[in-house]
Amino acid sequence: MSPTVSIVCPVKNMEGRLQNLNSWLKECDSHFQIILVCDSSTDKTVEELRKMKESLPSNQIEIIEGAYGSPGAARNAGFECARSEWVIFWDSDDVGNPEELISCLATQSGDLLDAVVFGYDIYSGDVSRSDWTSWPISHEKSMEKLSLNPGIWRICFRRSSIINLKFPNLKMAEDQLFINDFMQELPKLEFSNAVIYKYFVNVSNQLTSNRNALEDLREAANLLAAKLGGESGAGIFTMRIYGKILLTQMKKCNISTKFQAGLRMILLYAKHPAETSLLIKSILAEKSQ
């Protein structure tokens, strides 16, 4: 029996910019339940989504409207409507590959897995900035690579494995906190080299360049700081996510937040010098691409 997937996708103020969303919606067949969560849009996004739904062959597209206030809360609302065996969370300004996703899931190890982690490419406009390279052979090294680039859109979760998890009500880093909570359960993962996603950078109105949204990184860092301490695999994963958020604060936030993040980074290095150095090297490598 073929697997089924619920795709949860928050949408906010995307009037006239739904081309990427439409490109992958057209590829979805009966294996997919599409949940578009429209969060307090002040433009004609809802109208455009309805027209798009009418023009597409799939009858499994659902549009949910509400005042959620953040991608995290919107994803929670969408997940409550999910009915499929698998669930994945995609963004409306990127391009997923439903056909590749369903094809790869059909080859996975059935009920034994909690999630499958895929590859992705990075684009700026029509230009590829970074093509996917394969996962390392060892599970430990693959986990390290995931912790340094923990995009939610690359992970397809078994719905029953995340039924008790919630995204925090944040505009930024909510996906990284969700992934970290998931990893604390020591899930059974499969790492696939299939590329199922094109992640776009330098996009207009992207939250990663929104000053108000960036302030949520402070709350995300506080939440993760309270969970630091363990030296297990899950504990190291938390440390890496925490360090990555601190580095983002140091790069993009206001002066006072940068200063506080810098102090926290020094303390993190004092306790985990090798892991912190690895994290910094990873960030520098990303900048050089």
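Refer to the structure presented above.
Thresholds applied
- Residues numbered from 1 in each chain as written.
- Predicted model: local features only at pLDDT ≥ 70, side-chain atom pairs only at ≥ 80, totals over all residues.
- Heavy atoms only, no water.
- Helix = DSSP H or I, 4+ residues; strand = E, 2+ residues; numbered from the N terminus.
- Rg over C-alpha atoms; globule rule 2.2 N^0.38 Å.
- Buried < 20%, exposed > 50% of the residue type's maximum accessible area, 1.4 Å probe, protein only.
- Areas by Shrake-Rupley, 256 points an atom, 1.4 Å probe, with all protein chains shown as cover.
- Lys, Arg positive; Asp, Glu negative; His and termini not counted.
- Charge placed at Lys NZ, Arg CZ, Asp CG, Glu CD.
- Salt bridge = Lys/Arg side-chain N within 4 Å of Asp/Glu carboxyl O.
- Pairing = 2+ DSSP bridges.
- Polar contact = N/O pair within 3.5 Å; in protein donor to acceptor, adjacent residues only side chain to side chain.
- Contact = heavy atoms within 4.5 Å.
- Patch = residues over 30% accessible without salt bridge, like charges linked within 9 Å, V, L, I, M, F, W, Y side chains within 5 Å.
- Core = buried A, V, L, I, M, F, W, Y, C linked by side-chain atoms within 4.5 Å.
- Right-handed = clockwise from strand over helix to strand, strands pointing away.
- Arc of directions from axis to C-beta.

1. Structural notes on the overall build of the protein chain
For step 1, the next point in the chain: When its secondary structure is counted, the protein chain shows 11 helices and 9 strands.
For step 2, the next point in the chain: Expected size for 289 residues packed as a compact globule is a radius of gyration near 19 Å; at 19 Å, the protein chain falls within 12% of this value.
For step 3, the next point in the chain: In terms of overall dimensions, the protein chain has a C-alpha envelope of 55 × 45 × 35 Å along the principal axes.
For step 4, the next point in the chain: In the protein chain, which comprises 289 residues, the proportion classed as buried is 52%.
For step 5, the next point in the chain: For the protein chain, the computed accessible surface area is about 13,600 Å², with 51% contributed by carbon and sulfur atoms.
For step 6, the next point in the chain: Each charge class in the protein chain was averaged separately, 31 positive and 35 negative side chains, and the resulting centres sit 6 Å apart.

2. Some details on unusual backbone geometry
For step 1, the next point in the chain: Even without a glycine there, the phi angle at S40 is positive, about 50°.
For step 2, the next point in the chain: Residue classification places S40 among the partly exposed positions, given a relative accessible area of 32%.
For step 3, the next point in the chain: Phi angles above zero are rare outside glycine, and L186 is one such case at about 55°.
For step 4, the next point in the chain: With respect to the helices and strands, L186 occurs in the loop between helix 6 (174–183) and strand 9 (189–200).

3. Some points on the pattern of salt bridges
For step 1, the next point in the chain: This model, assessed by the stated rule, comprises 11 salt bridges.
For step 2, the next point in the chain: A salt bridge links R75 to E174; the shortest N-O distance between them is 2.5 Å. With R75 in helix 3 (residues 71–80) and E174 in helix 6, the pair connects residues that are 99 residues apart, well separated along the chain.
For step 3, the next point in the chain: We note a salt bridge from R240 to E144, for which the minimum N-O separation is 3.8 Å. Of the two residues, R240 is situated in helix 9 (residues 233–252) and E144 in helix 5 (residues 139–148); the sequence distance between them amounts to 96 residues.
For step 4, the next point in the chain: Overall, E144 belongs to the buried group, its relative accessible area being 17%.
For step 5, the next point in the chain: Counted as one network, the salt bridges with shared partners bring together K141, E144, R240 and E275.

4. Regarding the pairing of strand 4 (residues 86–89)
For step 1, the next point in the chain: Burial of the side chains of strand 4 extends over both faces: W86 and I88 are buried on one face and V87 and F89 on the other.
For step 2, the next point in the chain: Inspection of the sheet shows strand 1 (residues 5–11) paired to strand 4 by 4 bridges, in the parallel sense. Bridge pairing in strand 4 places I7 opposite I88.

5. With respect to the side chain of D94
For step 1, the next point in the chain: Looking at where D94 falls in the secondary structure, it is placed in the loop between strand 4 and strand 5 (95–96).
For step 2, the next point in the chain: Buried charge D94 goes without a salt bridge, the closest partner of opposite sign being R75 at 8.0 Å.
For step 3, the next point in the chain: Only 2.9 Å separates the side chain of D94 from the side chain of Y197, close enough to count as a polar contact.
For step 4, the next point in the chain: Every residue in contact with D94, bar those within four places of it in the chain, is listed here: N20, L21, W24, Y197, K198, Y199 and F200.

6. Some details on the side chain of E275
For step 1, the next point in the chain: With respect to the secondary-structure elements, E275 resides in helix 11 (residues 273–288).
For step 2, the next point in the chain: Non-local contacts of E275, meaning those with residues more than four positions away in its chain, are made with I236, M239 and R240.

7. Notes on a nonpolar patch on the surface
For step 1, the next point in the chain: A surface patch of nonpolar side chains, amounting to about 330 Å² of accessible area, comprises F259, L263 and I266.
For step 2, the next point in the chain: Note that L263 resides in helix 10 (residues 255–271).
For step 3, the next point in the chain: For L263, a relative accessible area of 42% translates into the label partly exposed.

8. Digging into the nonpolar core
For step 1, the next point in the chain: Counting residues in hydrophobic clusters, the biggest one holds 89 residues, and the most contacted among them are V5, L21 and L101.
For step 2, the next point in the chain: Broken down by element, this core gets its largest block of residues, 7 residues, from helix 9.
For step 3, the next point in the chain: Ignoring sequence-local partners within four residues, the contact set of V5 consists of H31, F32, Q33, S84, W86, I88, L101, I102, L105 and C156.

9. Here we look at the pairing of strand 1
For step 1, the next point in the chain: Counting buried residues in strand 1 gives 7 out of 7 residues, a clear majority hidden from the surface.
For step 2, the next point in the chain: By the alternation rule, side chains of strand 1 split into V5, I7, C9 and V11 and S6, V8 and P10, which are all buried.
For step 3, the next point in the chain: Note: strand 1 against strand 2 (residues 32–39), 7 bridges, orientation parallel. Looking across to strand 2, one finds that I7 is bridged to I34.
For step 4, the next point in the chain: Handedness of the crossover joining strand 1 and strand 2 through helix 1 (residues 19–25) is recorded here as right-handed.

10. As for helix 8 (residues 216–225)
For step 1, the next point in the chain: The complete set of buried residues in helix 8 reads D216, L217, A220, A221 and L224. When helix 8 is viewed along its axis, its buried side chains cluster within an angular range of 140° and face the same direction.

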